[in-house]
Structure formats: structure tokens, C-alpha cells
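In case you want the letters, here they are:
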Amino acid sequence: MTPTPNPNCTVNISQHRLNRFNIIAEVLLQDLSSDEWSCLHARGANRCMTRAWNREMTSTGVRVIKMSRGCFDSRNMDPRILLQASLTLLIFVASSHGQHLKSGPRLKMDQALLTFHNQLTEEVQLFYTSDYCYKCVYQRLATVRPDNNNASVVISTRFTLTLQVESWTRNATLCRWSQAYGEGGHYSVWIQMSEAASEPSCTHSVDKRPNNTYLPILVSALLLAVIALLYFVAPSVYRRRCTSNFIETICCQGSQYSVDDEGEPAGEATTKAKPTRLRSLDTFRGFALTVMVFVNYGGGGYWFFQHAPWNGLTVADLVMPWFVFIIGTSVVLAFRSMQRRGVSRLQLLRKTTWRTVVLMMLGFCFLNYSPRDGPLSWSWLRIPGVLQRLGFTYFVLSLLQTFWGQKEIPLRLYHWWNPVQDVVLYWPQWLIIILLETLWLCITFIMPVPNCPTGYLGAGGIGDNGLYPNCTGGAAGYIDRLMFGDNMYRYPTCKMMYHTTQPFDPEGVLGTINSIVMGFLGMQAGKIILSYKELNVHILGRFLAWAVVLGISAAILSKCTRDGGFIPVNKNLWSLSYVTCMGCFSFLLLGAMYFVTDVKGWWGGQPFIYPGMNSIFVYVGHSLLGFYFPFSWEMHFQQSHWEWLLQSLWGTALWVFIAYLLYRKKFFLKI
């Protein structure tokens, strides 16, 4: 019985295409000269050989070949027929010993070929599961008939696989092993009787060494490092050369170039006004946006540049909370600036509402729908989305800052709460955030969900031993399905690995609560910058303290494991541990960029500052045009990561370059 195809393992039963052997022999015979034909006819002595066979294919695709012997005298046989039969027999004998002339099915990226050789006298069944899939039910892989039959399967090399061989005759598992297979590799597993224990055993061998999967990304990283080094070193060398020429001119040309000459005071000539805009914030935003564009273009096909199937963290899972964190910081700084300009509360509310509506409409009308999808239909249109969540989060954070955030910090006065003034002075905001997080915890762990355990956080499907197949996302998924029906994301990241059937939207309603909490942590960073203005040591110290507190909280909640914690780190659910973990990373990154760009001035933020100052344009543009030339093209070399990585880097670099051109033209798209 042929197993049902699945995304992790695709069955390809190897077959000897005997009906093509005669064609191969005839092609070879066409190149023989007349002298070679004479030699062949002279050597055509009495020979007995196998001449006829027939085959029949079983339902599994494993061949059953019946052979009959026939004796042919070369005196009665045309030499062409004799040589054709000889070549055919040679090919058949070679292939029958497992040395297939063809190298197996054409492997694509992240695939390997695994061949099972069954030398037992009983049929065996093969099953597999991915080690990344939490408590997943074993899936049927293939069936291998007895007596030296074999079966080949194409397997995924993204994650470590656990495979087991079972015998229904013995009603037992013959062997089980876990292994991470390499891309493009050919492997063999020999199922045979162990001479020592007289029990079945599995012996592994490598028929073809796998490719170096990470070579493309290593080469790309090296090239990017060289470009970055040249970018920073070349201006320094140029300035040093100009300085040397200037000194030489002063020394050799006389006193007319003396620095003591009357003229513009040195202090006035060299003093520059400090920029009021926080470069580190634009750099952080641009860095997050650049990574987002890269992973949205596929990230070279590497699994760690794509979203985690369920629990756990990958590079793609870092980007969205960084954006939310930056929104929170920007709200505090922007609203304080508008407050000093005398903008009224009503004007702030009007501006906030307008920006929220525009963001939501952009996400709903443009990013959730593409002309490639065909005619617009409400039956499949997705209501939640990335910009919808960002817009709503921005609206709530703006309300918090409008009504409970406009406080001047009296630094001259001493109070007992001065060390924590960035928290105490905003106690109404903290109270609201604590109530929101309490609401999330109660709904997630107390609200009953039909046919699902209370507090369930799993992916459903074949996970958790297949006990809760329709419980994807627990309460979060249940609420979204009640509110949106089919108008939500239908291809969640868990669908492929966990074989889920229920839709689940990672930008759902319940996760938006923790998105607001994440944005509030960003607001806290903005308050620290305002409260300890020009006290850089205090600012960096506070950033580090928050990072430590949040990091410890994430470690406790997740127990430093992927699936075994109290609340696992999960981007799909925007779990509390995910928020604290990403808050830790955000404080560390913003602190590092603040120190390098705003405090020391070692780096101007290039090239990330360019997309960071035109984030709406780059995000909407890459979402709408990302699948069109010149940003992407139809790939033809899918056996490795080279072309996909090139396409991802090219598309990302192109958008950074466009943002640079807009920066030079002083064009900034604002809402």
C-alpha cells in the first residue's frame, strides 16, 4: 500500500525500468563500425544466456521479476541481437545487485534519499516523526516486502527525524533511531538478522555524501562582512589621507594657512547642533524591517529564517515584536514632542484615530489581498493581519500616553521613588496593563473550550499523541473561529508538520492583548530616555536591568525548554513567555544601538537608517511588489539554497537601495 504523500517525507519506490534496457542497447549498437561487426560475428560462439523475462508490478511499486532461461546459438542469431541481449543482461545484473544506474529521484532543497533494504523473510513497515513535532503520532512512511526487496523514500532534512521499523508478523518494533540527515545525501538502511543475537537489526550506511547546506549562507555572510568592512574602512583611509595633505600644505606653504589667522572662530566652525531625532530608534526600526523583508522573501529557504512550526523561536519570529516595541518607544517620544509644541489632547486623539484607520485599511485592503489571488471575495478574505494588529496596538498605546502619560519629570526634587520614577509616575498605565495581562491569563487558562482541555496551548493535529486534533491554539483559536469564521489565516505554520485542519491566525484577537503589553515595554524604554535625559550611564543601566528582569522571567516561564515550560515561548499565541523573551532582546538591541550611534557616534546607522525612516513605504511596497521582477524571479535551480538565498538577498538589498534614494531626495512617507 502506497503511503499518503506528506510534506516531510515523499515516497518514491525505486524501480528497474527493464522495458528501456533494449532501447539503451540499440543506441549503443548504432555506433559500431563494420570492423567491429566482423569481430563480433567471429566471436559469436555457442553461448547460453537469459533472453526472456517478464515483470509485473505490485501495488507498492516493488518489482516482481520472473525469468526464464533460453539457449541461443550465435550461428542462428544476428550479431546485433546477440550484442543487444548481452548489454541488456549486463545492465540487468548490475542493477539487480543494488547498483542502480540512475542516481534515484531528483532531489530538491532540504531533501535526502533514504533506501531501505529488507533482507528478512517477512514484510516490514516504516514509520517516522519529526523531533520538532511535540508528542506527535508516528506517520506511515513505506512498506518493504521481504526477500531482498527495497524501497526508497525522499525525506526532509530540516529537522532531526525519528524512524522506526515495525513487523506486523512479530507485532513488535524491530529498531528505532533518530538522525539528522544531510541535504542531497543518499543513505541506506539494511534490515537483516543479527548474527550475534539472532534478532533483526538495522545497519546504516552512506551511499552519497550530503551537500554542505550552510555553505551558501557562510559565503554570503563573508561577502557582507567584507562589504561592511570596506564601507567603514574606506572613509577612514580617505580622511586620513586628506588630513596628511592638509598638514603638509600648512607646513610647506607658509603662514598664510596658519590656524592662528583671524577668521571664523574654531568653536563656531566645528560645533554642530546635536540632532534631536534618536538615530538608534530609526536604526533599530530599519534593522527589524530589513530582516522582515529578507525572511518574507524566503530567507534563502533555511528553516531558521522561517517561522517556527509552533513552539520555539527562529529569526523570523523576532521581527514582529521588535516593531511593536519600537512603536511604543516612538509614541512616548513623539507625544512628548507634540505636547511641548502645544498640541491639544483633542488634536492628539484625532491624529491617533486617523493613523489607526489608515494602517488598518492598508492591511485589510492591500496586504491581505493581491491581484494574483483572483477576484475579491468575502468568502476567503482574511480580516486579521499584521498592519491591523500594529494599528490597533498603536491606538491603545496612544490612548495610554494621551490620558496618563503627559507628566514632566521633576529631576530637581528628591523623592524616595526617584530610582524608579519612570514606573511610579505612570502607575495608571501599569494598572491597565496588569489588568489586560490578567485578562489574557484568565481567558487562556480558565475559559472552557468545547472538546478541548482547559488551558490547552498545543497545536492540535497529530501533536499531543493525537488526542486533540481540532484544538489548535486552545482558547485563542476558538475565539478567532467564533468571531471571524473562515475569514482568517488558513495556512498556519503548524499545518504542515502537525497536519492540522483548523484555521488559526497568528494575528488573532487574544494575541493582540500581549501585543499591547509588548508595546508598553517599548513605552517604558521611551520613558527611561526622557526621565534620564543626557544621563547615558543611567539610561544604559536601566535598559540592562529591564533586559535581565525580562530574561529571567522568560526563563522561568519556559523552564528554558521549547515545549516543557509552564508557558512555552510561542509566536503564534504571543504567549507571555514570548513577550518577556522578546522584551529582553529588544532592550538589549536598543541599548547597544543607542550606545554606538547616539552616545559614541561610532556608527551612523547606515544602511538600516534608510528603510527605518521610510518603514511604511518599504513594508507596503515589498508586500505588494515582492513577487514581481526585478525583486524576484522564477527559480530554476532548486537543488540547493544558492539561488533562493541570492534572490532573498537581492530583493532585500534592492529595497534598502530604494530607501536610500528616497532618503537622498528627502522623501518620507508618513501617515
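Just so we're clear, the structure is a prediction, and the values are computed from it rather than from any experiment.

Trainee: Please clarify how the pattern of salt bridges should be interpreted in this entry.
Mentor: Two side chains bearing opposite charge may form a pair once their charged atoms approach each other closely. Applying the stated criterion across every chain, the model contains eight salt bridges. Across the salt bridge formed by arginine 382 and aspartate 505, the nearest N and O atoms sit 2.7 Å from each other. Of this pair, arginine 382 sits in the loop between helix 8 (345-367) and helix 9 (386-404) while aspartate 505 sits in the loop between helix 13 (495-498) and helix 14 (509-531), and the two are 123 residues apart along the sequence. Among the ionic pairs, glutamate 507 bridges to arginine 382, the shortest N-O distance being 2.7 Å. In this pair, glutamate 507 sits in the loop between helix 13 and helix 14 while arginine 382 sits in the loop between helix 8 and helix 9, placing the two residues 125 residues apart along the sequence. There is no split in this pair, since glutamate 507 and arginine 382 are both buried.

Trainee: I would appreciate a short explanation of the pairing of strand 5 (residues 124-130) in the present structure.
Mentor: A regular strand carries its side chains on alternate faces of the sheet. Within strand 5, seven of the seven residues are buried, leaving the element largely enclosed by the surrounding structure. Burial along strand 5 is two-sided: the residues Val124, Leu126, Tyr128 and Ser130 and Gln125, Phe127 and Thr129 are all buried. Judged from the five bridges that link them, strand 5 and strand 6 (residues 139-144) form a sheet pairing that is antiparallel. Along strand 6, the bridge assignment pairs valine 124 with valine 144. Looking at chain direction, strand 5 and strand 8 (residues 161-167) are connected through six bridges and run antiparallel. Bridging from a neighbouring strand, phenylalanine 127 pairs with glutamine 164 of strand 8.

Trainee: I keep staring at the sheet that holds strand 9 (residues 172-179) and nothing clicks. Help me out?
Mentor: Sheet strands pair via backbone hydrogen bonds, and the direction of the pair is either parallel or antiparallel. Taken in spatial order, the four strands make up an open sheet running 6-5-8-9, and their pairing is antiparallel. Two strands in the sheet have a free side with no partner beyond their single neighbour: strand 6 and strand 9. Across the sheet, the axes of successive neighbouring strands diverge by a mean angle of 20°, strand direction being ignored.

Trainee: Which parts of the structure should I look at to understand helix 16 (residues 576-599)?
Mentor: An α-helix turns once every 3.6 residues. As a result, residues three or four positions apart point the same way. Between the first and last C-alpha of helix 16 there are 32 Å, a value that for 24 residues agrees with the 34 Å anticipated at 1.5 Å per step. Just past helix 16, the residue glycine 601 takes up positive phi, approximately 70°.

Trainee: Even after reading the chapter, I still don't get the packing of helix 6 (residues 279-296) against helix 18 (residues 615-625), so can you show me in this structure?
Mentor: Two quantities define a packed helix pair, namely the angle between the helix axes and the distance between the axes. Running from N to C, helix 6 and helix 18 point in directions that differ by 5°, and their axes come no closer than 11 Å. With respect to each other, helix 6 and helix 18 are oriented roughly parallel. Residues Arg285, Leu289, Met292, Val293 and Asn296 of helix 6 touch helix 18, and the partners they reach there are Ser615, Val618, Tyr619 and His622. Of the residues assigned to the contact of helix 6 with helix 18, the class counts are five nonpolar, three polar and one charged.

Trainee: Looking at this structure, I do not really get the state of the cysteines. What am I missing?
Mentor: Applying the stated criterion across every chain yields a total of three disulfides. For cysteine 133, the disulfide goes to cysteine 136, at an S-S distance of 1.6 Å. Residues cysteine 133 and cysteine 136 are joined through a disulfide that is left-handed, its torsion about the S-S bond being -60°. Residue cysteine 133 is classed as buried on the basis of its relative accessible area, which comes to 8%. Here cysteine 452 connects covalently by a disulfide to cysteine 471, the sulfurs 1.9 Å from one another. Between cysteine 452 and cysteine 471, the disulfide has an S-S torsion of -100° and is therefore left-handed. Of this pair, cysteine 452 sits in the loop between helix 11 (427-446) and helix 12 (474-484) while cysteine 471 sits in the loop between helix 11 and helix 12; the two residues are 19 residues apart in sequence, bridging distant segments of the chain.

Trainee: What exactly am I supposed to notice about the packing of helix 9 against helix 14 here?
Mentor: Put simply, helix 9 and helix 14 touch, their axes get as near as 9 Å, and they point 50° apart. The angle between the axes of helix 9 and helix 14 places the two elements in the oblique class. As helix 9 runs across helix 14, the sense of the crossing is right-handed. Judged by residue contacts, Arg389, Phe392, Thr393, Val396, Leu397, Leu400 and Gln401 of helix 9 engage Gly511, Thr512, Ser515, Ile516, Gly519, Phe520 and Met523 from helix 14. In terms of residue class, the contact of helix 9 with helix 14 is built from seven nonpolar, six polar and one charged.

Conventions and cut-offs
- Residues numbered from 1 in each chain as written.
- Predicted model: local features only at pLDDT ≥ 70, side-chain atom pairs only at ≥ 80, totals over all residues.
- Heavy atoms only, no water.
- Salt bridge = Lys/Arg side-chain N within 4 Å of Asp/Glu carboxyl O.
- Helix = DSSP H or I, 4+ residues; strand = E, 2+ residues; numbered from the N terminus.
- Buried < 20%, exposed > 50% of the residue type's maximum accessible area, 1.4 Å probe, protein only.
- Pairing = 2+ DSSP bridges.
- Axes fitted to C-alpha atoms, helices over the stretch in contact; angles between N-to-C directions.
- Expected span 1.5 Å × (residues − 1).
- Parallel < 35°, antiparallel > 145°, perpendicular 65-115°, else oblique.
- Contact = heavy atoms within 4.5 Å.
- Nonpolar A, V, L, I, M, F, W, Y, C, P; charged D, E, K, R; others polar.
- Disulfide = S-S within 2.5 Å.
- Left-handed = near helix turned anticlockwise from the far one by under 90°.

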